Amino acid sequence: MLIVQKYGGTSMGDCDRIQNVANRVLETKKIGHSLVVVVSAMSGQTDTLIGYTKHFSKLPIEREVDMVLSSGERITSALLAIALDSMGYKSISLSGRGAGIITDGVHTKARIEYINTQKITDLLNEGYIVVVSGFQGVTEKGEVTTLGRGGSDLSAVALAGALNADLCEIYTDVDGVYTTDPRIEKNAKKINKISYDEMLELASMGAKVLLNRSVELAKKWNVPLVTRSSFTHDEGTLITTEENIMEKPIVSGIALDKNQARVSIANVQDRPGIAADIFGSLADNNINVDMIVQTIGRDGKTDIDFTISESETDLTKKVLDKFLDNVESIDYDCDIAKVSIVGVGMKSHSGVASAAFKALAKENINIMMISTSEIKVSMIINIKYSELAVRTLHSVYELDK
Ligand code: ADP
Ligand code: ASP
Ligand code: MG
């Protein structure tokens with residue numbers, strides 16, 4: 001079998017942990033499988049590197065940011081290759097460029113366009129364990145890019161898809177996907193199997209155990225995906241098609257995203273094209289907008305509220321400043337969080353959303369914005385209530401049972 005394994009930042013956190021990863025990798029190698037191992041930087045390293053770039057500028061040149069950030073994963077991949085080699089196994093590390101991961105040129109959140117797998121395939125045929133630096137690629141012109149925070153998951157799934165691997169295993173610091181973040185709710189339960197669609201919603205809504213884009217790709221290419229712990233031998237969670245899951249709970253999980261900010265634009269002219277102007281400018285700068293609410297117009301004016309990632313607040317300010325002359329005010333609120341309920345069973349059950357509203361009201365938690373899809377309800381609330389909201393909703397839907 002060809003297996004792609006990915007080890008996250010905590011698993012690669014220091015030299016002892018990298019040694020532990022080397023031992024885990026060899027357990028699989030000794031069974032006779034071919035192995036590509038994707039690694040993250042040591043935990044905290046990417047944050048430290050971002051801090052360095054911001055020392056000099058609030059909005060550092062993104063090309064240079066990528067040069068800095070990509071170094072974290074180069075270090076860990078080479079260290080793991082050294083560890084494996086010293087244990088008597090042929091191993092080689094490859095950067096994103098070396099691994100043939102070709103991306104577009106959107107620095108700090110590049111998308112993978114394709115992967116030239118020839119070099120990896122040749123190395124696997126020669127018996128090497130191939131260790132790839134996650135989170136990075138290179139443009140056709142040779143510029144180094146990174147894939148966005150949590151991007152090593154995407155590197156792993158993309159490589160698994162491109163190499164037609166039999167399995168992609170994501171090793172992290174929890175032994176699978178839980179009904180909610182086990183750091184917030186200690187009664188959260190491990191889910192043995194979850195559908196791609198539910199996992200995609202949970203991940204998109206903030207469950208960072210998997211990057212949403214990696215789940216999207218796994219679904220598209222039918223990559224069998226498992227998340228498990230690098231510190232235990234427990235079985236983990238299988239992410240698979242809905243048909244493979246017998247029991248479908250109404251609600252599968254609760255997600256929390258604290259990295260959110262709300263932008264409120266007051267007294268915008270209520271005329272055709274204004275939304276296109278504002279959101280077009282944001283899109284031109286690759287700023288992702290999530291929930292959008294526009295109030296009913298009065299006296300030819302309207303208010304528009306929407307949410308963005310908190311980390312893009314400075315860039316958003318820079319982009320929207322040119323509209324200040326034509327509106328009354330633009331306010332930014334970073335003290336918000338998004339809490340979401342996800343479950344495929346919602347498609348056929350009513351009352352799921354109203355139970356959430358009732359439960360939050362009972363705790364005196366005000367809901368500022370709401371958005372729904374077929375299998376999800378999301379609510380924006382004040383960040384100070386976010387953990388209480390998660391625990392409240394987790395118990396309302398009896399996810400601890
Ligand atoms: P890695 O560095 O291995 O990529 P991450 O920190 O990105 O690890 O993701 C693992 C973390 O995701 C866990 O430690 C946990 O706190 C968090 N998490 C959030 N939601 C969930 C969930 N539903 N199930 C499991 N873990 C979750
Ligand atoms: N090191 C990167 C980050 O912290 C990528 C990853 O860990 O997946 O976001
Ligand atoms: Mg991660």
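Residues numbered from 1 in each chain as written. Chains lettered and ligands numbered in written order. Predicted model: local features only at pLDDT ≥ 70, side-chain atom pairs only at ≥ 80, totals over all residues. Heavy atoms only, no water.

- If you check an unreviewed UniProt entry, the protein appears there as Aspartokinase from Helicobacter cappadocius.
- Of the protein, the UniProt comment under Sequence similarities (unreviewed entry) reads exactly: "Belongs to the aspartokinase family."
- Quoted straight from UniProt, the Catalytic activity (unreviewed entry) entry for the protein says "L-aspartate + ATP = 4-phospho-L-aspartate + ADP". (UniProt positions renumbered as here; feature names shortened; annotations may be inferred.)

**Considering unusual backbone geometry**
Then step 1. Phi is positive for T108, close to 70°, though the residue is something other than glycine.
Then step 2. Topologically, T108 is positioned in the loop between strand 4 (101-103) and strand 5 (112-115).
Then step 3. Backbone geometry at F135 places phi at a positive 75°, although glycine is not the residue there.
Then step 4. One can find F135 in the loop between strand 6 (129-133) and strand 7 (136-138). (Helix = DSSP H or I, 4+ residues; strand = E, 2+ residues; numbered from the N terminus.)

**Some words on the UniProt feature "binding site: ATP" (unreviewed entry) in the protein**
Then step 1. The positions UniProt marks with the feature "binding site: ATP" (unreviewed entry) are K6, Y7, G8, G9, T172, D173, Y178, R183, K208 and V209.
Then step 2. Judged by its relative accessible area of 0%, Y7 is buried.
Then step 3. Setting aside chain neighbours within four positions, we find Y7 in contact with M12, V21, R24, V25, V37, V38, V39, S40, Y171 and S230.
Then step 4. A polar contact is formed between the side chain of Y7 and the side chain of Q5, at a distance of 2.8 Å.
Then step 5. The topology assignment puts T172 in strand 9 (residues 167-172).
Then step 6. When near neighbours in sequence (up to four residues on either side) are disregarded, T172 contacts S11, V209, R228, S229, S230 and F231. (Buried < 20%, exposed > 50% of the residue type's maximum accessible area, 1.4 Å probe, protein only. Contact = heavy atoms within 4.5 Å. Polar contact = N/O pair within 3.5 Å; in protein donor to acceptor, adjacent residues only side chain to side chain.)

**Concerning the sheet that holds strand 16 (residues 329-342)**
Then step 1. Reading across the sheet, the 6 strands line up as 14-15-13-16-18-17 and stay open at both edges, with antiparallel pairing between neighbours. Only two strands of the sheet have a single neighbouring strand rather than two, namely strand 14 (292-294) and strand 17 (369-373). This sheet shows a mean twist of 25° between the axes of neighbouring strands, independent of strand direction.
Then step 2. Both strand 17 and strand 18 (residues 376-382) contribute to a ladder of 5 bridges, which runs antiparallel. (Pairing = 2+ DSSP bridges. Axes fitted to C-alpha atoms, helices over the stretch in contact; angles between N-to-C directions.)

**Observations regarding the site of ligand 2**
Then step 1. Every residue close to ligand 2 is listed here: S40, T46, E73, F135, R149, G150, G151 and S152.
Then step 2. Within the side chain of T46, a nitrogen or oxygen atom sits 2.7 Å from a nitrogen atom of ligand 2.
Then step 3. Contact between ligand 2 and R149: an oxygen atom at 2.7 Å from a side-chain N or O atom of the residue.
Then step 4. Protein contacts shield 85% of the accessible area of ligand 2, which totals 260 Å² for the unbound molecule. (Near = heavy atom within 4 Å. Areas by Shrake-Rupley, 256 points an atom, 1.4 Å probe, with all protein chains shown as cover.)

**Observations regarding the UniProt feature "binding site: substrate" (unreviewed entry) in the protein**
Then step 1. Per the UniProt record, "binding site: substrate" (unreviewed entry) is found at T46 and E73. For the annotated residues, spread through 28 residues, the largest C-alpha to C-alpha distance comes to 8.9 Å, consistent with a single compact locus.
Then step 2. Within the fold, T46 resides in helix 2 (residues 45-56).
Then step 3. Once residues lying within four places of it in the same chain are set aside, the contact partners of T46 are A41, L69, E73, F135 and R149.
Then step 4. With respect to the element layout, E73 can be found in helix 3 (residues 62-86).
Then step 5. For E73, a relative accessible area of 3% corresponds to the buried category.
Then step 6. With sequence-adjacent residues up to four places away left out, E73 is seen in contact with V39, S40, A41, T46, S133, G134, F135, Q136 and S152.

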